[in-house]
Structure formats: structure tokens, C-alpha cells
2 protein chains.
Amino acid sequence: MSLELTAVTAPLAEAAARLVRLLPARSLHASPATVLLSADAGGLTLAASDAELSVRVHASATVHTDGAVVVARRAFADTVAALDAPEVRLAVEGSRLAIRTGGGRFALPCLDAATHPSPAGEPPLAGTVSGAALGVGTAVAGAASRDGALPIFTGVRVRAEGDRLAFVATDRYRMAAASIPWQPGPMAGGAWTERRADEVGARREGRQRLSGPGARVSGASADQHGPGPAGLVPGALFAEVCRQASRADEVRVYASGDRFGLAWQGCTVVAASLAGPFPDRQLDALLDVRAECVVELGADELAAAVQRALPYAGPHGRVTLRASDGVLQVSGRDPQSGESEEAVKASVRGDHLSAHYQARFVLDALRPFAGGPVTVSVQEAMRATAFTAPESALTYLVVPMRA
Amino acid sequence: MSLELTAVTAPLAEAAARLVRLLPARSLHASPATVLLSADAGGLTLAASDAELSVRVHASATVHTDGAVVVARRAFADTVAALDAPEVRLAVEGSRLAIRTGGGRFALPCLDAATHPSPAGEPPLAGTVSGAALGVGTAVAGAASRDGALPIFTGVRVRAEGDRLAFVATDRYRMAAASIPWQPGPMAGGAWTERRADEVGARREGRQRLSGPGARVSGASADQHGPGPAGLVPGALFAEVCRQASRADEVRVYASGDRFGLAWQGCTVVAASLAGPFPDRQLDALLDVRAECVVELGADELAAAVQRALPYAGPHGRVTLRASDGVLQVSGRDPQSGESEEAVKASVRGDHLSAHYQARFVLDALRPFAGGPVTVSVQEAMRATAFTAPESALTYLVVPMRA
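Residues numbered from 1 in each chain as written. Chains lettered and ligands numbered in written order. Predicted model: local features only at pLDDT ≥ 70, side-chain atom pairs only at ≥ 80, totals over all residues. Heavy atoms only, no water.

(A) Representation of the overall build of chain A within the structure. Across its full length, chain A holds nine helices and 29 strands. Of the contacts formed within chain A by residues at least 6 apart in sequence, a portion of 67% connects residues at least 24 apart. Carbon together with sulfur atoms contributes 52% to the accessible area of chain A, which is approximately 16900 Å² in total. (Helix = DSSP H or I, 4+ residues; strand = E, 2+ residues; numbered from the N terminus. Contact = heavy atoms within 4.5 Å. Areas by Shrake-Rupley, 256 points an atom, 1.4 Å probe, with all protein chains shown as cover.)

(B) Quick look at the UniProt feature "domain: DNA polymerase III beta sliding clamp central" (unreviewed entry) in chain A. In the numbering adopted here, UniProt assigns the feature "domain: DNA polymerase III beta sliding clamp central" (unreviewed entry) to residues 140–184 of chain A. The distance separating the terminal C-alpha atoms of residues 140–184 of chain A is 22 Å; by composition the span is 4% helix and 53% strand. (UniProt positions renumbered as here; feature names shortened; annotations may be inferred.)

(C) Focus on the pairing of strand β12 (residues 164–170) of chain A. Residue and element names in this part refer to chain A. Taking burial as the measure, the seven residues of β12 include six buried ones, the bulk of the element. Bridge count between strand β11 (residues 155–161) and β12: five bridges; the pairing is antiparallel. Considered in β12, the bridge of R157 is made with V168. In terms of strand pairing, β12 meets strand β13 (residues 174–181) through seven bridges, oriented antiparallel. Following the sheet pairing, R164 is matched in β13 by P181. Counting the residues in the hairpin turn of β12 and β13 gives three residues, including R172, whose phi is positive at 85°. (Buried < 20%, exposed > 50% of the residue type's maximum accessible area, 1.4 Å probe, protein only. Pairing = 2+ DSSP bridges.)

(D) Structural detail: the relation of the copies chain A and chain B. The operation relating chain A to chain B is a screw motion whose rotation component is 180°, with 0.0 Å of axial translation and a residual RMSD of 0.0 Å. The superposition of one copy onto the other is thereby described by a two-fold rotation axis. When each C-alpha of chain A is compared by its distance to the rotation axis, A25(A) comes out closest, at 15 Å. Most of the interface of chain A is mirrored in chain B, where 100% of its interface residues are also at the interface. (Least-squares fit on C-alpha atoms with pLDDT ≥ 70 in both.)

(E) Examining the interface of chain A and chain B more closely. Taken together, the 27 residues of chain A in the interface contact 27 residues of chain B. When the two sides are added together, the surface that chain A and chain B hide from each other amounts to roughly 2000 Å², 48% of it contributed by carbon and sulfur. Contact with chain B buries area across many residues of chain A, yet F106(A), R308(A) and E339(A) alone supply 28% of it, more than any other trio. Connecting chain A to chain B are four salt bridges. Between E339(A) and R96(B) there is a salt bridge, with its nearest N and O atoms 2.7 Å apart. Of all the elements in the fold, those that place two or more residues in the side of chain A that touches chain B are α2 (73–82), β8 (96–100), β9 (104–109) and β24 (338–345) of chain A. (Buried area = accessible area lost by both parts, 1.4 Å probe. Salt bridge = Lys/Arg side-chain N within 4 Å of Asp/Glu carboxyl O.)

(F) Looking closely at the pattern of salt bridges. Scanning all chains against the criterion turns up 42 salt bridges over all chains. R56(A) is the partner of E122(A) in a salt bridge, and the nearest nitrogen-oxygen pair spans 2.6 Å. One end of the pair, E122(A), is in the loop between β9 and β10 (125–130); the other, R56(A), is in strand β4 (residues 53–59), with 66 residues separating them in the sequence. Overall, the relative accessible area of 33% leaves E122(A) in the partly exposed class. A salt bridge links R100(B) to E93(B), with the shortest nitrogen-to-oxygen separation between them at 2.9 Å. Shared partners join several salt bridges into a network, and the residues in it are R157(A), R159(A), E161(A), D280(A) and D284(A).

(G) Summary view of the nonpolar core. Counting residues in each nonpolar core, the largest one holds 107 residues, and the members touching the most others are L37(A), F76(A), L90(A) and F167(A). In contact with L90(A), other than residues within four places in its own chain, are L3(A), E4(A), L5(A), L12(A), L37(A), L44(A), F76(A), L97(A), A98(A) and I99(A). By size, the runner-up hydrophobic cluster in this structure holds 106 residues, among which are Y312(A), V233(B), A309(B) and V319(B). (Core = buried A, V, L, I, M, F, W, Y, C linked by side-chain atoms within 4.5 Å.)

(H) Spotlight on the environment of A48(A). Mapped onto the elements of the fold, A48(A) is located in strand β3 (residues 43–50). Not counting chain neighbours up to four residues away, the residues in contact with A48(A) comprise L19(A), L23(A), T34(A), V35(A), L53(A), S54(A), V55(A), R73(A) and H116(A).

(I) Spatial organisation of the domain arrangement of chain A. Residues and elements named next belong to chain A. Each assigned domain of chain A is listed here: domain 1 (4–115), domain 2 (125–285) and domain 3 (293–398). Contacts between the two partners involve 11 residues from domain 1, matched on the other side by 14 residues from domain 2. Of all residues in domain 1, R18, L22 and R56 give up the largest surface area on contact with domain 2, accounting jointly for 52% of the area buried on that side. Our count for the contact surface shared by domain 1 and domain 2 stands at two salt bridges. Counting across the interface, domain 1 meets domain 2 through seven residue pairs in polar contact (both at pLDDT 80 or more). Mapped by element, the contributors of at least two residues to the side of domain 1 that touches domain 2 are α1 (9–22) and β4. (Domains from an automatic or database assignment. Polar contact = N/O pair within 3.5 Å; in protein donor to acceptor, adjacent residues only side chain to side chain.)

Okay, structure coming up:
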């Protein structure tokens, strides 16, 4: 192993931090928590993997000696993050990767490159989206389940539909969905689309939302009515990818049968799609909101009122929203805790409905709309309540609690 | 029960928050987590207790109806903290204390006043200190143990000595001590001093630090050589008291045989002293530092270097400090993690000693000196290393680790 280079500290630290954040803090798969540093005329590439996830990040560097070395990735990231020197020199010295600044030398043991998983190449390009638009994916991923007992609900469903890319996540108590502009890539006119067209042709009647031209992100998953042109991305990974990519102008999306990839600003993530049938049709039906009562108000004002009702929300954290003339009443009631009632100014159209909710789900639903207006669409009976906003691609559904 | 008043929201919320922070979040004693609100011409008093701790906080209010009511204290504090209205009205309405603003009503059940512990009166005044000087007590309390297995080490030892009030806390691996100016109160010339003088007379030879005139905070505890004129205050309580009182001009200290009290800015805390012999003599001896090597440098620069050594500090988090000409070398070394070495500019006097330390203890020791210089006094063999600063009342000792 050899390697010698000089780099500006801040972007190197940023690259290492991105890599660490995209990989699980604790691996379930006993993957070695290593990073492969590869230096050549193009600069430095940091690559790491965990199970079926593979991450590569590029960093600018002045490379004196081409080469590669494997070291512990968190120790490397922590070391470069803590440096206060503006420039840093990396060099393999015997069995160590030395990280040198004017006053300090930090020497990480070089690890066996054979135990480092080889980085996966990305599948074919499927299309592109804007990073700013992709940012909404973090809010969608927030509605995914953290409970591994039902793995499909820990994922974000990603589907390309014509010139839109749609995301859906749900833990079965709330659901978030968004659709952003999608520029199909070269694959859209190739074998991939043909295969998709066959599927859609066979199922046109049953699944209106899947009609029209477009590419798909992955075909590994399927709803319970048969295989569908979509992928299921682990929620925590998708949240972090969307957070990082939201600063990029353009994000490239790669897809094949059972793998997908995203690339932005020198960073490439390739992962396996979660397996399992996803109930697309049922979830699509939930998005067909028929509001009996539409309430428009400030998201922050409503969130503050729900926060104030929390001490009165009882052991199940239940708050009641009740629409009346020009106000939304937010109330809590519990034999032990007492009662609260507060009027929040709102524009109210339609019937004056009321419903009970788990307070934290309402707060989660309002968070992506913070600082702006939110439209609360209440449906009859126990159908979900929708939180939307004119300027947002996001629809957040919260299922009411029974009285 | 009755009561009706109007108050400015912010100071009322501040008073309730102070009260809640001074009491344990979870009581070990099954004390009801209630607050007694008492209103009269003087304003509103909030009083609450837990086991042998009693807290009273005053808040300005325009009282319309004198009276008192008992409610759940965290729900009360959370409710007034979350209000966005500038004024609030409190009124007993039937079985509820109603907290009203323009748009909202928050109704807490009135609880049985008989189950609320009656607030303790404070013991006689022992003396006064300045709030700004008392602030150092929070740093001292940070060295107390969190491990209840040795209860005396969970406390901060407080002793009045002439015109100084001294604090010591230790978990046996590190120790913090400070001494601040002390103005003895009327008790200093009364029965208390006489009793104290008797005790000191009997033990003058053995305990030099206890000679000279002065009051004591409490006489409940004693070192292993007999009863001593001092108190032992629970560490978490002392940290919070010093944090809050550091903004006050003057803090009054009350003391009797086994209780102590502090009062500042409308807030009064009375508590029982922790029982048990405290090893005053041994700890005083540790403060007699005979440095072989004195290193002066910036606290932040040293803390940053220790942070950078952490990834190399191994499973026991061990760093080495080694003095040489004009620098303090900070290093870590571990077969798994690798090695680090960094030079931090310093003024070094005396022998060039080196010693190993638990990194987090060094970081804890440096935190109170953040933003300024620190003097590191290394003693020979395994004697503790002292961290001090010219402008600080604090001495923080860290015991080195064996090689």
C-alpha cells in the first residue's frame, strides 16, 4: 500500500463526514467499518460499504503518490473533523496512514484491503431530479416505520411516473407522499421502458396512477397485485441522501432490477432495494382526499397550540381539532391532567368537523410546513386528515384516533 | 380553595421553570410532584418539596383574590412556559385552576392540599456570598460522583472558614475545590460560633484549615476524625442552585445543625445536609499541591488537542501529557486505534514530566477554564495534577492513570 497527498482540510473533513453519515452507525451485518482511500490524478475517493449499501465520495487533493489504503472510517472522519490546521497531508508510512499537520501526527493502522468490501458500480442511469426538489424526501422518510418487524414499512417507496418521481412512506398510522419533477434518462427509451410498458399495458385498468410514459427506479418490489415499476429505499438512508442532495443542482438516479443509486456533488450511493410487496394501490387510494372540511392556518401557530395542549393530552397523547367559524379549536382532556381549549385563527370552509389525533403525529405532520401556511383537509368518519401547503410537494396524512 | 390573579407571563414562567429545575425530575421518595400556589398582597409564591428538599419561588402578580391552590407542578410549568400571550390570568374555577389567555383556557385539577408537604422554613442566617462568586460551585459539583453507592461522594462539601466559604467535591478519581469570599451573618457572633469554637478548640492541632473565626453552613456531617463545622449538599442540587444564583447580587446562606438553605432573587431552597463522615483532612492534604512541573497554556487549545487524541486513546480513553521545551505534547496510543502526537504551545517551568490521564477527566477539568489560560501543575509519582487559572477560584485535580 502506498499513497501520498495534500488536501484542504475542510472539504476532506466534509467528505469523510458525509460518508460516515450515509452508513449505519452500527452495522447489523458485521461489515468492517472501514474506508478505502484511493488517490490518483483525479484526486481522492473515499469508499465504504455496509451489507448491500455502497457509498463513494470524492474529495479534491494534490496527489503526490497514487495508491490506496484501508483504515477505520470513523477514526479517520473524527481525526480530520477535529483538525484546526487549514491543510493536511496524508501518507502511508510503514503500516500506518499518517495524517500530518504542522504540529501533529495522527497514525491510523493500515487494515487489510482484502477484508474491505469492493465498491459496487452504479446501475444504468434512469433519470435526473433537482436536489432542491428532492429535499422533500427527508420529510417523507420521517413517516416510515422504525420497527423492523414489518420491513416494507421501514422503506420509502420511489416510483417514476411519466415526468414525475413519486415518494410514499407510511408506518400505517400516518403516511407522507410527494411527487417531484423527473427528467427520464437514456434508459427511458430502452429495454427498461419496454418492459415497463408491457406491465402497465396488462394492468392499465386497475392502476390509473401508473399509466402514461416514464421510467422506474427499480423493479425489485411489487405491490400485492403483481410486479410494479418501483423501488423501496431504506427510510433512514433515503432521509440522509435527500438531506445531503438537497444542496445539489442535479441528482442522477440509477436503477436496475433490484438496485438503485443516487449521485450528487461527488457523492454516489448504491443500495439494494428492500424486498417485499408494497401496497401501492391501497396507499394511492388514501391520497385521493375528499375533504368535508378545509382549514387554512399558520403551521407554526397550530404546532404551538398542539404543544400547549400536550400537558392535557393524557397517557395516549390525544388532542382534538374542531373547526368552527374562523377558528380551529385545539383541545386536550384527561381525567388526571385536566382540560385545555384554545382557538387558533383560521380560514374554515365546509362542514365544521372535529377529530382526535395522536399529538406527536400532528406535530410531525406540521414540521415540514414550519414557517408557512398549512391546509388541513378533514375527511368524514375515520378517513385520514391531510396536511398540505400550496408551495409544497408534500401530502402528509394522519389517521384520526377513535373517540 | 380560592385564588385569582393576573401576572406577566414571562417572569411567571421563569419562576415555575426555576422551581421545577431545582427539584428532582424523578423523585426517589414518592413525593407528590405538586406545587402550592399562594397569592396575597405580596404577590404569588410557588412552593414545592421533595423528601428533605423544599423550594419556594416568588413571582410578581396583581392579586384580585387571596388564596392558595395545589396543582401538578410540571403541567403548570409546561403550560405557562408554552404560552405566547404576554399576560396570563390564574383563577380557581370549581375544581380547576384555570390558566387563561385571550384565546385559551388551560384547566388543571386542584389537588388535595393535605397531601402537599408543608414548606420548610429556613434555618437562621449564617452569612452571605456574592452570586457571581458562587457560580464556581457548578464546576465544583461537576466533580461529584453520580454513583449513589457511596452517598457522601455525591455531595459538595461546604465549609465556612473565616471570611472564606470553601467547596469540595470528588468522585475519588478527580476532585474540584474552590474558596470564595464569605461575609459571616449575625449567627457568627452567637451560640453557633460558641459551639463551633468548642469543637475547634478540641481539635486545633489536627485540622489547621478549620482554625480561625467563621460560621459554618451545617454541622450534620463530620470527617472521620470527628464532627466538623460543615455541610454536605447534594451535588445536583448544588450545581443548579449555583447556576441560578450566579445571576444574583447577593445570596444568603442559612444553616442549623443538619439543614442548610440558600436564598437569592425571590428563590429560597432549604434542604437536609447529607449525612456521613467526609474525609476533609485527606482532601485538604490533596490541595497542598507541590508541582514539579508547571505548564501554562490556553485551555481551549489543550482541550482541542485532547479531543483530537480521543480516537487514539483506546478502550480506556487514555491520553498522555508530556512537557518539553515550550510545548506540551498530547498523545494517544493503542494497538488497535493507532498513535497520535501533537505539540501545543505552552510555557513550561520545572522538570519535564509526563503522565497518563483519562481523557474525559482532563476535558471536564478544562471546561471551567474555557476561553482563558489554564495552569497545569504536575506532581511527581502518582499524585494528582492540578488545573488552575489566575482569575479563577477553582482548583481541579485529576488523578493520573498508571502506565
